[in-house]
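Architecture and fold: a report
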Amino acid sequence: MTGPFPPHTAPGRFGIVNLAATAQRCAATMPVAGMRNPFTGAASVAALAVLVDHIAGFANHLRRPDGHWTVSSELTVEFTPDAHAVLAADPTTPVLAESRAVGAAAATSLSICDLSHRGIAIGVGTVRTFYITTSASALPDDDRPGAPAAVPTALDELMAVEVGEAGGPGPLLVQHAEPAVNNSLGAVHGGVAAAGLELVAAAALNADRADRPLHTASLRVNYLRPLVSGGRAHYTATALHSGRSSGVADAQAFDTDGRPALVGRVTAYL
């Protein structure tokens, strides 16, 4: 499919527009203006995980076997050293992501994604998915009319998250139940969940260093189980190292029952 998505879906909520969707090339754009970390107020690249998971996952999805669906199992995003500066120079221009499948598909499938902004390369991503059997009738129809509602513009509102009162050593981000950020299987969209990990990790790394902030250079995520929102669903992170010019943080997401659903690691530099 090409074109925009309905606003009651995660891709539509984030303004993703598919430009191409073939076995040879998948491509999509997404706006990034106004995307800010709710902890620090700084411009954030977290939402680009939504774009990577969407279009790189799409390349894997296109070659799924009959009667199967795709579920993300791993996601990575690596940003160029100047990515944050490139985006800041013109935040109103959408980011372009182009993806293709790599190698043969088996129980899992791997795809790679190139990110660019105004023709300037700003990063690469990968998505590994595995295939599950499912009945097509069990999947929601994303083309159905959605309830009319204004789409938020702030990143935390788009993600349906809220800064919580931390009960531990790291920042806490609560994931509220919101059908519009769910995937077709009823769990939080893999890119939205990955973005939540980046937000808390970046907050952990930049605590008390507003004058010399560290910028995310890499995000690596493993999906352990579907992240069901609401209840006790939340993200938190711990800074393993926050030095003069670099830092590393581990982040986790917990589902509505408090079970670990995702783990991730963020590396950041000045």
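Presented here is a report on the structure given in the accompanying data block.

**Things to note about the pairing of strand β2 (residues 17-21)**
When strand β1 (residues 3-4) meets β2, the two strands line up antiparallel, connected through two bridges. Across the sheet, residue P4 finds its bridge partner in β2, namely V17. Pairing of β2 with strand β3 (residues 26-30) involves four bridges; the strand directions are antiparallel. Residue pairing in the sheet places A21 in a bridge with C26 of β3. Hairpin geometry of β2 and β3 is characterised by an intervening segment of four residues between the two adjacent antiparallel strands.

**Examining unusual backbone geometry**
Of note in this structure, R118 is not a glycine but carries a positive phi near 55°. If you trace the backbone, R118 turns up in the loop between β6 (108-117) and β7 (120-133). Overall, the relative accessible area of 41% leaves R118 in the partly exposed class. Positive phi values are uncommon outside glycine, yet A160 reaches one of about 60°. Relative to the elements of secondary structure, A160 occurs in the loop between α4 (155-159) and β8 (161-164). We classify A160 as buried; its relative accessible area is 11%.

The rules we used
- Residues numbered from 1 in each chain as written.
- Predicted model: local features only at pLDDT ≥ 70, side-chain atom pairs only at ≥ 80, totals over all residues.
- Heavy atoms only, no water.
- Pairing = 2+ DSSP bridges.
- Helix = DSSP H or I, 4+ residues; strand = E, 2+ residues; numbered from the N terminus.
- Buried < 20%, exposed > 50% of the residue type's maximum accessible area, 1.4 Å probe, protein only.

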